[in-house]
Amino acid sequence: MGRIGLITLLLILFTSIGYSPTGYDQVGDVYLVREASGVIKSILADSLNGIHDTLEHPKWVAHYYEANKYHSIWMHDDAKLARSFIKQLSNSLHYGLIPGCYPIEHLKDYTRRLETEREAFRLAEFDILMTHTILQFLSHLRYGMIKTIASDSLLLADQELISGLQQIKRPEDIEPFLEAIQPQFFHYRQMQNNLTNLLSESDLFNWDFDLLVLNQTTLKVQRQLLHALRFTGFFQGDIEAAVNDFSFVLTTYQQSKGLPATGRINLFTLYQLENDAGLAFQKVALNLDRLRANPLEGDDYIWINIPGFRLAVIEAGRPLFYSKVIVGTPYRQTPELSTRISTITTYPEWYVPRRIAWYEILPSVRKNPSYLDRKNYYLIDRDGDVVDHNEVDLEGYSYRDFPYRVIQSSGTWNALGKVKFSIPNTKYIFLHDTNAPKLFNKEVRTFSHGCIRLQNPVKVAEYVLNEEEEMEFHENMEVQYPCYIRLQRKIRLYTRYITCEADSELQFNFYDDVYKKDGEYLPFFKPQLSIR
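Note that this is a predicted model, so its numbers are computed, not measured. (Residues numbered from 1 in each chain as written. Predicted model: local features only at pLDDT ≥ 70, side-chain atom pairs only at ≥ 80, totals over all residues. Heavy atoms only, no water.)

*Asks:* Looking at this model, I keep getting lost on the overall build of the protein. Mind explaining?
*Replies:* Looking only at helices and strands, the protein features 20 helices and 17 strands. Taking all 532 residues of the protein together, 53% fall into the buried category. Across the protein, every contact between residues at least 6 apart in sequence was considered, and the portion connecting residues at least 24 apart equals 67%. Here the protein has roughly 25,600 Å² of accessible surface; of this, 49% comes from carbon and sulfur atoms. (Helix = DSSP H or I, 4+ residues; strand = E, 2+ residues; numbered from the N terminus. Buried < 20%, exposed > 50% of the residue type's maximum accessible area, 1.4 Å probe, protein only. Contact = heavy atoms within 4.5 Å. Areas by Shrake-Rupley, 256 points an atom, 1.4 Å probe, with all protein chains shown as cover.)

If you want it as structure tokens, here you go:
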């Protein structure tokens with residue numbers, strides 16, 4: 001909020017109504033709050049009518065005060081509630097948010113001035129700024145910062161959040177409320193808790209070294225540096241064990257960055273580590289934001305992280321097992337989906353998508369007419385009848401009028417392997433086995449046309465099937481013929497694009513941004529770092 005513009009507006013307002021902000025210490029805070037409430041209502045009316053534009057989200061603030069009958073809410077009981085919320089804003093890095101997004105110093109200045117300047121217009125000015133900032137902070141926590149920036153109606157639809165904020169009466173109510181409004185599913189909680197623990201334990205972004213005596217480092221400084229190195233993914237393991245080998249760890253890091261490998265702390269090493277730790281934080285914060293904007297439901301689900309090339313089965317809110325996956329290429333990207341597994345097919349046939357058939361299979365047929373027979377493909381016409389491809393002139397059609405469907409028969413040669421999982425979606429994506437298991441040995445596994453290949457499809461099938469269905473599944477596997485099982489328990493399936501995950505205490509795994517989606521948003525989450 002523009003402080004000067006708002007103060008000017010308030011002074012004009014008070015002058016126009018013949019209001020004089022004097023004598024409040026004589027009549028007490030009750031009168032102050034009542035007068036401030038009238039001022040708040042007038043300011044918000046002007047904001048909504050477009051008379052001035054000092055609030056980024058005036059509808060949010062007006063909606064909240066309307067529900068609260070325009071009462072001043074932040075200056076009761078010596079502003080303890082306001083001060084406690086300001087403390088949370090100051091610690092917003094712990095939530096993967098950026099303190100610089102909020103007018104923290106401005107709010108602190110208000111609280112100091114209001115101890116002596118007991119005037120209704122000051123109270124109203126502070127109250128509106130405080131309310132706007134808290135609502136923005138809550139929206140960032142619940143929906144994500146990027147989604148909040150793109151929308152001006154999130155809080156208006158969230159009556160539960162508005163009502164919850166109104167119930168906060170004491171400072172000790174704040175933290176449980178902030179925890180409750182965030183996503184609760186495993187992957188979010190693990191990453192957010194790890195970040196909070198890391199920052200609390202290591203004071204990661206508070207570099208406080210005497211640069212004149214850098215080589216006389218204490219154990220505290222060494223632990224802080226090692227926390228930063230582990231946070232960046234440079235090494236994994238126990239911090240205390242690494243303290244005993246600090247010089248070697250630091251030398252290895254300096255060598256990897258092209259710095260003089262002295263094994264001692266110097267200014268260049270600190271700046272490099274500051275940049276690396278800052279970028280690691282940005283990635284954690286960005287992916288927390290993604291999970292807020294696109295949350296998961298339930299305690300039992302299958303999670304597939306696209307850039308992590310990994311599937312996780314989550315049961316009762318905890319990981320049951322993990323498995324490798326293969327996802328789409330950067331040109332045929334696997335989409336983010338929230339769906340359920342509906343059907344399992346054993347020994348499926350592959351109905352080749354038209355684009356793949358035209359641009360990949362038919363060119364091979366033109367080079368070698370026996371290609372279809374060797375790969376166990378056949379053609380059907382628009383009536384579903386099988387046709388002899390040797391009697392068809394494949395050269396006489398264009399992409400649009402090609403009248404045949406290419407199908408690969410079931411068997412060990414089939415590109416879908418032995419098991420296919422159908423999931424309702426508009427992108428024609430499904431999960432399946434593969435006839436090329438060696439690709440799972442690759443570190444970067446972007447080889448599919450968008451569908452997801454599973455390393456352990458039978459294990460996944462056994463998890464989603466009930467006892468009766470599992471018996472039928474194994475019988476079908478022995479038959480080696482296309483058989484379908486429509487699941488009674490349609491377990492949730494989520495595919496997400498997350499370039500950072502937390503696996504264990506204070507440990508983060510960073511993945512390559514294979515679809516180049518991070519760069520546009522990383523600058524939103526750049527922390528303010530400084531070496532003092």
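Further notes follow.
*Asks:* For this particular structure, what's the right way to read helix α10 (residues 159-166)?
*Replies:* Since the α-helix advances by 3.6 residues per turn, residues separated by three or four positions end up pointing in the same direction. Of the residues making up α10, those classed as buried are L161, I162, G164, L165 and Q166. Against the buried residues of α10 lie α4 (58-67), α5 (80-90), α7 (120-143), α9 (154-157) and α11 (174-181).

*Asks:* What's the story with the sheet that holds strand β7 (residues 377-380) in this structure? I'm lost.
*Replies:* Across a sheet, strands are paired by hydrogen bonds formed along the backbone, either parallel or antiparallel in direction. As summarised here, the arrangement of the 4 strands in space is β6-β9-β7-β8, forming an open sheet in which the pairing is antiparallel. The sheet terminates laterally at β6 (350-351) and β8 (386-387), the two strands that pair on one side only. (Pairing = 2+ DSSP bridges.)

*Asks:* Sorry if this is basic, but what is going on with the pattern of salt bridges here?
*Replies:* Oppositely charged side chains can form a pair if their charged atoms are brought close together. Counting across every chain of the model gives 13 salt bridges. Between R223 and E240 there is a salt bridge, with its nearest N and O atoms 2.8 Å apart. Taken as a pair, R223 in helix α13 (residues 219-231) and E240 in helix α14 (residues 239-243) lie far apart in primary sequence, 17 residues in all. A salt bridge links R310 to D503; the shortest N-O distance between them is 3.1 Å. Taken together, the residues R310 in strand β2 (residues 310-315) and D503 in strand β16 (residues 500-504) connect sequence positions 193 residues apart. Each of the salt bridges in this network shares a partner with another, and the network as a whole consists of D109, R112 and R113. (Salt bridge = Lys/Arg side-chain N within 4 Å of Asp/Glu carboxyl O.)

*Asks:* Whenever I open this one, the pairing of β16 confuses me. Can you help?
*Replies:* Regular strands place side chains that alternate from one sheet face to the opposite one. With 4 bridges joining them, β16 and strand β17 (residues 507-510) adopt antiparallel strand pairing. Each residue of the ladder has a partner; that of E501, found in β17, is N509. Two successive antiparallel strands, β16 and β17, enclose a turn made up of 2 residues, where L506 displays a positive phi of approximately 60°.

*Asks:* Explanation requested: the packing of aromatic side chains in the structure shown.
*Replies:* Here a ring pair, both rings aromatic, is described through the centre-centre distance and the interplanar angle of the planes. Applying the stated rule across the entire model yields 20 aromatic pairs. Here Y95 and F137 contribute two aromatic rings whose centre-to-centre distance is 6.0 Å and whose plane-to-plane angle is 75°, an arrangement assigned as edge-to-face. Of this pair, Y95 sits in the loop between α5 and α6 (104-113) while F137 sits in helix α7; the two residues are 42 residues apart in sequence, bridging distant segments of the chain. When its relative accessible area of 7% is taken as the criterion, Y95 is described as buried. Of the residues examined, F137 reaches a relative accessible area of 0% and is grouped as buried. An aromatic cluster is built from W358, Y359, Y397, Y399, F402 and Y404, whose rings are joined through pairwise contacts. Over the aromatic face of W358 sits the side chain of R366, whose NZ or CZ is 5.3 Å from the ring centroid. (Phe/Tyr/Trp six-rings, centres within 6.5 Å; stacked < 30°, edge-to-face > 60°. Lys NZ or Arg CZ within 6 Å of the ring centre and 35° of its normal.)

*Asks:* Explanation requested: the packing of α13 against helix α16 (residues 267-293) in the structure shown.
*Replies:* Each pair of packed helices can be summarised by the angle the axes make with each other and by the distance between the axes. The interhelical angle for the contact between α13 and α16, taken along N-to-C directions, is 50°, at an axis separation of 9 Å. The orientation of α13 with respect to α16, classified from their angle, is oblique. Crossing geometry of α13 relative to α16 is assigned as left-handed. From α13, L225, A228, L229 and F231 reach across to α16, where they touch L270, L273, A277, A280, F281 and V284. Class assignment of the residues belonging to the contact of α13 with α16 gives a composition of 10 nonpolar, no polar and no charged. (Axes fitted to C-alpha atoms, helices over the stretch in contact; angles between N-to-C directions. Parallel < 35°, antiparallel > 145°, perpendicular 65-115°, else oblique. Left-handed = near helix turned anticlockwise from the far one by under 90°. Nonpolar A, V, L, I, M, F, W, Y, C, P; charged D, E, K, R; others polar.)

*Asks:* Sorry, what's going on with unusual backbone geometry here?
*Replies:* A negative phi holds for most residues other than glycine; trans holds for most peptide bonds. Its identity is not glycine, yet A316 carries a phi of approximately 55°, on the positive side. With respect to the helices and strands, A316 occurs in the loop between β2 and β3 (318-328). Despite not being glycine, Y347 shows a phi value in the positive range, around 45°. Residue placement: Y347 occurs in the loop between β5 (343-346) and β6. Assessed through its relative accessible area of 4%, Y347 is described here as buried.

*Asks:* Would you mind showing me how to read the nonpolar core here?
*Replies:* Across soluble globular proteins, nonpolar side chains have a tendency to be buried as a group. By size, the foremost hydrophobic cluster in this structure holds 55 residues, and its most contacted members are I302, L311, I341, I344, F421 and V464. Per element, the largest residue contribution to this core is 6 residues, and it comes from helix α17 (residues 354-367). Other than its neighbours up to four places away in sequence, I344 contacts V419, K420, F421, A461, V464, L465, F473, C483, Y484, I485 and L487. Residues M191, L195, F235 and I265 belong to the second largest nonpolar core, which totals 50 residues. (Core = buried A, V, L, I, M, F, W, Y, C linked by side-chain atoms within 4.5 Å.)

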